[in-house]
Amino acid sequence: MPGMSKNKELLMIPGPTPVADEIYDALAGETYAHTDPRFVQNFKEALELTSAMLGCPGEVYLVCGTGTLAMEIALINTVKPGEKILVISQGFFGDRFIQLGQAFGIQVEHIKSQWGEQVDPQEVKKILATGGFKAATITHVDTSTGVIADLETLVPIIKDSGALVILDGVCATAAVDEDMSRPYGAKGYLLDVVLTGSQKAIGCPPGMAVVAFGEQALASRAAMTTIPAYYADIVLWRPVMQDPTKYFATPAVNMVNAYHAAMKMVMAEGLPARYQRHLKYGRAVRAALAVYGMKAIATEAVAAPTLSCILYPPGVEDAPFRKALAGKGLVLAGALAALAGKAFRIGHMGNTTPEMLTSTIKIIGETLQELGHTADPAQAVAVLQEHLA
Ligand SMILES: *Cc1c(COP(=O)(O)O)cnc(C)c1O
């Protein structure tokens with residue numbers, strides 16, 4: 001169990017997530033020269049650990065920035081302006097690829113699911129059959145809805161069309177299996193690009209963009225002479241990733257050290273155990289909240305292990321509810337777009353402990369009572385613990 005003594009609040013939002021003491025210690029350490037052998041060693045190990053986590057057969061890039069920069073690096077190093085992509089969107093973050101592609105003159109077609117549901121794979125197949133798609137983007141877990149994408153079905157459909165698969169793992173990586181060396185579907189299709197950020201299931205503060213490219217994606221970059229980017233061009237970063245003593249732009253030294261500490265914790269826990277823990281957390285939190293009459297917008301079959309988007313029961317108002325919780329040190333997130341005010345989002349990922357989940361469920365129940373609703377916190381905590389056992 002990670003040491004969590006430095007967290008004064010219960011930060012139960014879908015990122016940033018609670019940070020373990022060892023990670024804070026790494027972040028707060030002395031700032032070394034970016035060429036210092038101690039730092040270079042941490043950077044190398046951070047790259048190796050990331051590559052091992054993702055089973056990456058190609059190249060991993062760690063660049064200071066957030067998940068959105070990782071999306072940008074992934075897209076513009078594989079798709080040229082004028083080429084066409086299909087954005088497969090299951091919510092707000094899926095949609096972000098539409099604007100991102102358009103900002104670079106990429107032709108974007110999209111398919112959107114109803115919020116709370118997965119897209120229909122047959123519709124994806126139909127659109128791809130119209131031809132000419134260089135890549136398709138999938139958001140592994142859409143943080144607006146708590147819906148997980150069905151990679152086993154989507155990846156073969158996309159690869160059969162000849163397009164590259166770009167996977168946004170920002171709210172999934174390190175909590176849900178993403179293995180670039182593992183074939184998806186009967187013909188052994190691979191993920192081409194997986195991107196993520198540091199502050200969600202990896203459990204580090206925000207600040208690192210992580211992008212892993214497979215061989216086919218790298219061939220795509222190699223076939224382009226120039227891309228409309230400088231800081232986001234992997235060709236300029238490549239020498240640094242191969243040898244972190246090299247300089248392109250100053251790496252955020254403390255951030256790399258923190259990410260290194262976070263990745264050591266991820267790999268020390270072990271991926272299968274970590275994936276199981278998140279499955280358990282997701283089911284436990286949703287079952288416990290159901291005791292309060294609170295229901296996830298996603299059915300259990302498509303609900304994510306990392307966060308849940310929960311509808312308010314009649315009478316519970318978003319703003320006063322979350323304000324009362326915040327007064328007790330429990331931070332939950334509001335819902336986005338059409339769900340704003342009607343639902344809240346709760347993260348249950350990364351370094352979050354069973355004790356944190358227990359306190360969260362208890363505080364939510366007590367707060368409901370204080371606001372004049374009926375709730376049984378003891379029962380909800382019992383249900384949580386039964387699922388966590
Ligand atoms: C949070 C998130 C992003 C954006 O990441 P930032 O770090 O906020 O830039 C992109 N995609 C998904 C799925 C996310 O959850």
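Note that the structure is a prediction, hence the values are computed from the model and not measured.

**Thoughts on the overall build of the protein chain**
Next up, step 1: If you tally the helices and strands in the protein chain, you get 13 helices and 15 strands.
Next up, step 2: The C-alpha radius of gyration computed for the protein chain amounts to 21 Å, which stays within 12% of the reference 21 Å derived for 389 residues, consistent with globular compactness.
Next up, step 3: Entry remark: accessible area of the protein chain is about 14900 Å², with carbon and sulfur atoms responsible for 55%.
Next up, step 4: Distance between charge centres in the protein chain, computed from 31 positive and 37 negative side chains, equals 2 Å.

**Side note on the nonpolar core**
Next up, step 1: Formed by 125 residues in total, the largest nonpolar core has its most connected members in Ile88, Ile138, Leu289, Phe321 and Ile364.
Next up, step 2: Counting residues per element, this core draws most heavily on helix 9 (residues 253-269), which supplies 10 residues.
Next up, step 3: Contacts of Ile88, omitting those with residues within four sequence positions, involve Ile111, Val119, Val124, Ala136, Thr137, Ile138, Thr139, Leu154 and Ile158.
Next up, step 4: Ile148, Val176, Ala304 and Leu307 belong to the second largest nonpolar core, which has 10 residues in total.

**Considerations on the packing of aromatic side chains**
Next up, step 1: On inspection of all chains with the given rule, the structure shows nine aromatic pairs.
Next up, step 2: Taking the centre distance of 5.8 Å and the plane angle of 85 degrees together, the rings of Tyr61 and Phe213 count as edge-to-face. One end of the pair, Tyr61, is in strand 2 (residues 59-64); the other, Phe213, is in strand 10 (residues 208-213), with 152 residues separating them in the sequence.
Next up, step 3: Overall, the relative accessible area of 1% leaves Tyr61 in the buried class.

**Observations concerning the sheet that holds strand 10**
Next up, step 1: Pairing within the open sheet is mixed, and its seven strands lie in the order 2-10-9-8-5-3-4. The sheet terminates laterally at strand 2 and strand 4 (107-112), the two strands that pair on one side only. In this sheet, adjacent strand axes meet at a mean angle of 20 degrees when their direction is disregarded.
Next up, step 2: In this sheet, strand 4 lies alongside strand 3 (residues 84-89) in parallel orientation, the contact comprising six bridges. Residue pairing for strand 4: Val87 is matched across the bridge by His110.

**Structural notes on the site of the ligand**
Next up, step 1: In the region of the ligand, 14 residues are neighbours, and Thr66, Thr68, Thr143, Asp168 and Lys200 sit closest.
Next up, step 2: Gln199 is positioned with one of its side-chain polar atoms (N or O) 2.7 Å from an oxygen atom of the ligand.
Next up, step 3: Within the side chain of Lys200, an N or O atom sits 2.7 Å from an oxygen atom of the ligand.
Next up, step 4: Compared with its free state, where it exposes 380 Å², the ligand has 90% of that area covered by protein.

**A short note on the environment of Phe104**
Next up, step 1: With respect to the secondary-structure elements, Phe104 resides in the loop between helix 4 (92-103) and strand 4.
Next up, step 2: With a relative accessible area of 17%, Phe104 lands in the buried category.
Next up, step 3: Spatially, the C-alpha atom of Phe104 lies 35 Å from that of Met12, the residues being 92 residues apart in sequence.
Next up, step 4: The residues contacting Phe104, other than those within four sequence positions of it, are Glu72, Ile76, Pro81 and Pro228.

**Overview of the state of the cysteines**
Next up, step 1: Under the definition given, this model contains zero disulfides.
Next up, step 2: Lacking any disulfide linkage, Cys64 is separated from the closest cysteine sulfur, that of Cys204, by 11 Å.
Next up, step 3: Residue Cys64 is classed as partly exposed on the basis of its relative accessible area, which comes to 32%.
Next up, step 4: Residue Cys171 stays outside any disulfide, its sulfur separated by 12 Å from that of Cys309, the closest cysteine.

**A closer look at the environment of Phe92**
Next up, step 1: Its place among the elements puts Phe92 in helix 4.
Next up, step 2: Of the residues examined, Phe92 reaches a relative accessible area of 34% and is grouped as partly exposed.
Next up, step 3: Linking Phe92 and Tyr189, residues 97 residues apart in sequence, is a C-alpha distance of 27 Å.
Next up, step 4: Sequence-distant contacts of Phe92, defined by excluding residues within four places in its chain, comprise Trp115, Asp142, Ser144 and Leu336.

**Some points on the pattern of salt bridges**
Next up, step 1: Inspection of every chain in the model, using the stated rule, returns 19 salt bridges.
Next up, step 2: One salt bridge in this structure joins Lys126 and Glu123, with 3.2 Å as the shortest N-O distance. With Lys126 and Glu123 both in helix 5 (residues 121-129) and three residues apart, this pair spans about one turn of that helix.
Next up, step 3: Here Lys126 falls in the exposed class, since its relative accessible area comes to 54%.
Next up, step 4: Counted as one network, the salt bridges with shared partners bring together Glu152, Asp177 and Arg182.

Reading guide: rules and limits
- Residues numbered from 1 in each chain as written.
- Predicted model: local features only at pLDDT ≥ 70, side-chain atom pairs only at ≥ 80, totals over all residues.
- Heavy atoms only, no water.
- Helix = DSSP H or I, 4+ residues; strand = E, 2+ residues; numbered from the N terminus.
- Rg over C-alpha atoms; globule rule 2.2 N^0.38 Å.
- Areas by Shrake-Rupley, 256 points an atom, 1.4 Å probe, with all protein chains shown as cover.
- Lys, Arg positive; Asp, Glu negative; His and termini not counted.
- Charge placed at Lys NZ, Arg CZ, Asp CG, Glu CD.
- Core = buried A, V, L, I, M, F, W, Y, C linked by side-chain atoms within 4.5 Å.
- Buried < 20%, exposed > 50% of the residue type's maximum accessible area, 1.4 Å probe, protein only.
- Contact = heavy atoms within 4.5 Å.
- Phe/Tyr/Trp six-rings, centres within 6.5 Å; stacked < 30°, edge-to-face > 60°.
- Pairing = 2+ DSSP bridges.
- Axes fitted to C-alpha atoms, helices over the stretch in contact; angles between N-to-C directions.
- Near = heavy atom within 4 Å.
- Polar contact = N/O pair within 3.5 Å; in protein donor to acceptor, adjacent residues only side chain to side chain.
- Disulfide = S-S within 2.5 Å.
- Salt bridge = Lys/Arg side-chain N within 4 Å of Asp/Glu carboxyl O.

Any functional reading would require information beyond the geometric quantities listed.
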